[in-house]
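Tertiary structure, described
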Amino acid sequence: MRGVVVARPAANLVLVRHEAVPALGMTSMELMAVFSDPALLDNARINPGDRVRLAVRRKNDELTLLRIEKLN
């Protein structure tokens, strides 16, 4: 999915505003919480306002980040 980073309120959490994701049954959202290994987020060097492409997996009631890439 594609979106825009809103904030990183914790080392293992990123908040993203994203486009619709039909595969997960999600319409576009103002704010989505995605949990991650902190090293994955550190390596991506993301900041609020950055456009990103990310892959997530639903695990129970949480979304877990699999991959994130900063877009130009």
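Here is what the cut-offs are and how they apply
- Residues numbered from 1 in each chain as written.
- Predicted model: local features only at pLDDT ≥ 70, side-chain atom pairs only at ≥ 80, totals over all residues.
- Heavy atoms only, no water.
- Helix = DSSP H or I, 4+ residues; strand = E, 2+ residues; numbered from the N terminus.
- Buried < 20%, exposed > 50% of the residue type's maximum accessible area, 1.4 Å probe, protein only.
- Pairing = 2+ DSSP bridges.
- Axes fitted to C-alpha atoms, helices over the stretch in contact; angles between N-to-C directions.
- Core = buried A, V, L, I, M, F, W, Y, C linked by side-chain atoms within 4.5 Å.
- Contact = heavy atoms within 4.5 Å.
- Salt bridge = Lys/Arg side-chain N within 4 Å of Asp/Glu carboxyl O.

Counting its secondary structure elements, the chain contains one helix and five strands. When the elements of the chain are put in sequence order from the N terminus, they spell out β-β-β-α-β-β. Seen through its C-alpha atoms, the chain measures out along the principal axes to roughly 30 × 25 × 20 Å. Counting the 72 residues in the chain, one finds 33% classified as buried.

The residue Arg45 is not glycine, and still its phi comes out positive at about 50°. Within the element layout of this structure, Arg45 appears in the loop between α1 (38-44) and β4 (51-59). You can call Arg45 exposed: its relative accessible area is 66%. Not every positive phi belongs to a glycine, and Asn60 is a case in point at roughly 60°. Here Asn60 shows up in the loop between β4 and β5 (62-70).

Read once around its circumference, the closed barrel built from five strands follows the order β1-β2-β3-β5-β4, with strand pairing classed as mixed. Direction aside, the axes of adjacent strands within the sheet are offset by 45° on average. Direction of pairing for strand β3 (residues 29-35) relative to β5: parallel, over a ladder of two bridges. When the bridges of β5 are listed, Phe35 appears paired with Thr64.

Formed by 16 residues in total, the largest nonpolar core has its most connected members in Val14, Met32, Ile46, Leu54, Leu65 and Ile68. Of all elements in the fold, only β2 (13-18), β3, α1, β4 and β5 reach the threshold of two or more residues within this core. Leu54 has contacts with Met1, Val16, Met32, Leu65, Arg67 and Ile68, leaving out every residue within four places of it along the chain.

What follows is about the pattern of salt bridges. On inspection of all chains with the given rule, the structure shows three salt bridges. A salt bridge links Lys70 to Asp50, with the shortest nitrogen-to-oxygen separation between them at 3.5 Å. On the criterion of sequence distance, the pair formed by Lys70 in strand β5 and Asp50 in the loop between α1 and β4 is long-range, its members being 20 residues apart. Glu69 serves as the salt-bridge partner of Arg53, at 3.7 Å between the closest nitrogen and oxygen. Taken together, the residues span a long stretch of sequence, with Arg53 in strand β4 and Glu69 in strand β5 at a distance of 16 residues. Taking the relative accessible area as the measure of exposure, Arg53 reaches 34% and is therefore partly exposed. Judged by its relative accessible area of 39%, Glu69 falls in the partly exposed class.

These results come straight from atomic positions and should not be treated as a statement about function.
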